[in-house]
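# Topology and contacts: notes
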Amino acid sequence: MQIRSLLEEDFDVVIKLGNAIHGKGYLTRQSLLEMFNKGIKHGINAHAIATTGEKVIGFRLTYSPGNWNSDEWCSPKHWAVSAQKVCYFKTNNVLPEWRGNGVGHLLLEHSINAVKQQGAKAGIAHIWKESPNNSSIRYFSKAGAKLIKEHPKRWSWENYDENYDCAHCGGNCHCTACEMLLEF
Ligand SMILES: CC(C)(COP(=O)(O)OP(=O)(O)OC[C@H]1O[C@@H](n2cnc3c(N)ncnc32)[C@H](O)[C@@H]1OP(=O)(O)O)[C@@H](O)C(=O)NCCC(=O)NCCS
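Before going into details, it helps to say that this report is about the structure given with it. What you see is a predicted model; the values in this text were computed from it and never measured. (Residues numbered from 1 in each chain as written. Predicted model: local features only at pLDDT ≥ 70, side-chain atom pairs only at ≥ 80, totals over all residues. Heavy atoms only, no water.)

The next point concerns the environment of Pro65. Inspection of the secondary structure assignment puts Pro65 in the loop between β5 (55-63) and β6 (86-94). By relative accessible area, Pro65 is classed as buried at 1%. Setting aside residues up to four positions removed in sequence, Pro65 forms contacts with Lys41, Gln84, Lys85, Val86, Cys87, Val115, Gln118, Gly119 and Ala120. (Helix = DSSP H or I, 4+ residues; strand = E, 2+ residues; numbered from the N terminus. Buried < 20%, exposed > 50% of the residue type's maximum accessible area, 1.4 Å probe, protein only. Contact = heavy atoms within 4.5 Å.)

Written out as structure tokens, the structure is:
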């Protein structure tokens, strides 16, 4: 298993895997390109992908510090680090049959090494509370992240995107986003 930087030539497989896990409309070519550009700073790429041979088994999208703006779903007053030094851990996804083997952690580590070089001291994420086997809160808490605030219905048609159909809710998403801060 290898971990490397995610590149534009990986977009098709990343969109397929992301939408298979989270639901239709979670990623599109246009939204992924916008996310991708937010992870490039000082010529460093903060995104990561996990492969075994040619097969993609996981990916992580991360926005560089200063390349994204906090919004009503963020509580910078409660972050122990100035927002300019905080990266955004957008999403982390591993194929179901490969979960529980630490791949998610290695993808996170790859991104942290990159954003540190981009000036980050911490990262914020909106962790999916309804993740299968509670895997998302478990892996991010295991990395040392702390809960800041819960945001119910963060990804609903009204609050996120009317074109996003949640795989867990089967349509309009009622899942909860756990705003969590990881200092490093
Ligand atoms: C969240 C995710 C990226 C973590 O990656 P991973 O490689 O599974 O990470 P780990 O191997 O460190 O597993 C994390 C925890 O979940 C548990 N876990 C993961 N998959 C599991 C499974 N299929 N059955 C039981 N436990 C599982 C692990 O035991 C571990 O918990 P523990 O250390 O407390 O025992 C991955 O599980 C995933 O893609 N989940 C679904 C999508 C998702 O929620 N993405 C995050 C969006 S915010």
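Next comes the rest of the write-up.
Of all residues adjacent to the ligand, which total 20 residues, the nearest are Asn92, Gly102, Gly104, Ser131 and Lys142. For the ligand, an oxygen atom lies 2.8 Å from a polar atom in the backbone of Val94. Between Lys142 and the ligand, the recorded distance is 2.7 Å, taken from a side-chain N or O atom to an oxygen atom. When the ligand sits alone it has 900 Å² of accessible area, and the protein chains cover 81% of it. Put simply, the ligand lies in the largest pocket. Taken together, the elements giving at least two residues each to the shell around the ligand come down to β6, α3 (103-117), β7 (122-128) and α4 (135-142). In terms of residue count, the dominant contributor to the shell around the ligand is α4 (five residues). (Near = heavy atom within 4 Å. Polar contact = N/O pair within 3.5 Å; in protein donor to acceptor, adjacent residues only side chain to side chain. Areas by Shrake-Rupley, 256 points an atom, 1.4 Å probe, with all protein chains shown as cover. 1 Å grid on protein atoms, 1.4 Å probe; cavity = no way out; pocket = protein on both sides within 12 Å on 5 of 7 lines; lining within 4 Å. Sits in = over half its atoms within 2 Å of the grid points.)

So, about helix α2 (residues 29-37). Taken together, the buried positions of α2 are occupied by Ser31, Leu32, Met35 and Phe36. Taken around the axis of α2, the buried residues stretch over an arc of 140°, which confines them to a single face. At its buried positions, α2 is contacted by α1 (11-22), β2 (40-41), β3 (44-45), β5 and β6. (Arc of directions from axis to C-beta.)

Sheet strands pair via backbone hydrogen bonds, and the direction of the pair is either parallel or antiparallel. Pairing within the open sheet is mixed, and its seven strands lie in the order β1-β4-β5-β6-β7-β9-β8. Every other strand in the sheet has two partners, leaving β1 (2-5) and β8 (146-152) as the edge strands with one partner each. Strand-to-strand, the axes of this sheet are offset by a mean angle of 25°, without reference to chain direction. Across the face of the sheet, α1 comes into contact with β4 (48-52), β5, β6 and β7 while running at roughly 85° to β5. In the packing of α4 onto the sheet, contacts are made with β5, β6, β7 and β9 (176-183), and the angle to β7 comes to roughly 160°. (Pairing = 2+ DSSP bridges. Axes fitted to C-alpha atoms, helices over the stretch in contact; angles between N-to-C directions.)

Glancing now at the environment of Trp98. The topology assignment puts Trp98 in the loop between β6 and α3. Spatially, the C-alpha atom of Trp98 lies 24 Å from that of Tyr88, the residues being ten residues apart in sequence. For Trp98, the contacting residues outside a window of four places in its chain are Met1, Thr52, Ile57 and Val103.

The values reported here are purely geometric and, on their own, carry no functional implication.
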